Amino acid sequence: PSSSAQLHIDTKHMDSLSRVKRVSIEGNIAVGKSTFARLLQSQNQDWEVAQEPISKWQSVESTSSQAVGSAQPTVSNLLQMMYQDPQRWSYTFQTFSCMSRMRTQLQPPPARLLYAQGTPVQVFERSVYSDRYIFALNMFELGCISAVEWAVYQDWHSFLLEQFGHRAQLEGIIYLQAPPETCMARLRKRGRGEERGVQLTYLEKLHVQHENWLVNKSTELHFEHLKQVPVLTVDASVEFERDPEVQERLITQVQTFFS
Ligand code: DCP
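In this numbering scheme, every chain counts its residues from 1 along its sequence in written order. Confidence filtering applies because this is a predicted model: local features only for residues at pLDDT of at least 70, side-chain atom pairs given and counted only at 80 or more, and all residues used for totals across whole chains, interfaces and linings. Each side-chain value is worked out from all heavy atoms of the structure, with water and hydrogens disregarded.

Visitor: Any chance you could explain unusual backbone geometry here in plain terms?
Guide: Glycine aside, residues mostly have negative phi angles, and peptide bonds mostly take the trans form. Non-glycine residue A30 carries a positive phi angle of around 70°. Under the DSSP-based scheme used, a helix requires at least four consecutive residues in state H or I and a strand at least two consecutive residues in state E, with every element numbered from the N terminus. Structurally, A30 can be placed in the loop between β1 (21-27) and α2 (33-43). Phi at R126 takes a positive value of approximately 65°, unusual for a residue other than glycine. Mapped onto the elements, R126 comes out in the loop between β5 (121-125) and α7 (128-141).

Visitor: Please explain the side chain of Q94 as it appears in this structure.
Guide: The topology assignment puts Q94 in helix α5 (residues 86-106). Leave out the neighbours within four places in its chain, and Q94 touches D131, F135, A136, I145, Y153 and W156. By definition in these notes, contact holds between two residues if any of their heavy atoms fall within 4.5 Å.

Visitor: Any chance you could explain the packing of aromatic side chains here in plain terms?
Guide: Working definition: an aromatic ring pair is given by the centre-to-centre distance plus the angle between the planes. Only centres within 6.5 Å qualify two rings of Phe, Tyr or Trp (six-membered ring in Trp) as a pair; their planes then separate them into stacked at under 30 degrees, edge-to-face at over 60, and tilted for everything else. Following the criterion strictly, the structure yields ten aromatic pairs and no others. Ring plane angle 85° and centroid distance 5.4 Å describe the contact between W57 and F93, whose orientation is recorded as edge-to-face. In this pair, W57 sits in helix α3 (residues 54-57) while F93 sits in helix α5, placing the two residues 36 residues apart along the sequence. Taken together, the ring pairs connect F140, W150, Y153 and W156 into an aromatic cluster. Look at NZ for Lys and CZ for Arg. If either is within 6 Å of the ring centre and within 35 degrees of the ring normal, a charge sits over the ring. The ring of W89 carries the charged tip of R88 above its face, separated from the ring centre by 3.9 Å.

Visitor: Explanation requested: the sheet that holds strand β7 (residues 231-235) in the structure shown.
Guide: The strands making up a sheet are joined through hydrogen bonds of the backbone, oriented either antiparallel or parallel. The five strands are arranged β2-β5-β1-β6-β7 in an open sheet whose pairing can be described as parallel. If you trace the sheet from one side to the other, it starts and ends with β2 (47-50) and β7, each paired once. Adjacent strand axes in the sheet meet at a mean angle of 25°, parallel and antiparallel pairs treated alike. The rule for pairing is simple: two strands pair if DSSP sees at least two bridges between them. Sheet topology note: the strand β6 (residues 172-177)/β7 ladder contains five bridges and is parallel. Residue pairing for β7: I174 is matched across the bridge by L232. With respect to the sheet, helix α10 (residues 200-214) is in contact with β1, β6 and β7, its orientation differing from that of β6 by roughly 140°. Each axis is a line fitted through C-alpha atoms, taken for helices only over the stretch in contact, and angles between the N-to-C directions span 0 to 180 degrees.

Here it is as structure tokens:
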């Protein structure tokens, strides 16, 4: 194609790209983010969920310095290592999880969203913001991330988002709110091995972090646009997985908010 035709196609492509809204689902561990995301996608063909890259954190490949070039790489479960020895592994885990999330959040939306009839929405389970303002901050406050590690984390996090953040900005946040006790019951029920040692006090701390950021707005945020992002708080204490009536109510709430 001639360069003017190419330019025309590129401009059209850019227009479709900028129509895609980016929304993240936030909430405590095991509150039901994945279920809710799947529900949204199944009810609306213009919505597409990007999965949380948790399987990558469960199998990190490495090679020991003595075995370079010869032995098979070792596969480590970094999520488990973090829960078993948080002082040693929290910084490493938070670095890795945020990097893998950054990759996910920077990926262009799938082609089918570019041709959506209505408003296309790309849905993320969590974001580079909850990584920092919920989990990493929490680990720092618990003393599992040292002051130096926290300074280093914040430095690269701010730098990367200043450089690439415009491509990862959110147009909305859905906060699934539920009492920590409810999340604890759901966590026990699903029985993810790595989370066996998680205590209620930990979920209570994470709950306060969510409330401070998304409800009380008392968390110090370092990105201007993030302070303006609209937040929809959804009551996720009701069991919505098998109740079509509750599902319909929640979906209507979300669709009204983002229309
Ligand atoms: N995690 C963490 N630090 C992060 C992100 C996640 O320690 N920055 C941990 C907490 C959980 C696991 O990773 O053990 C996955 O957490 P999520 O709450 O993101 O995902 P769930 O699968 O628990 O969500 P849901 O059950 O709501 O779908």
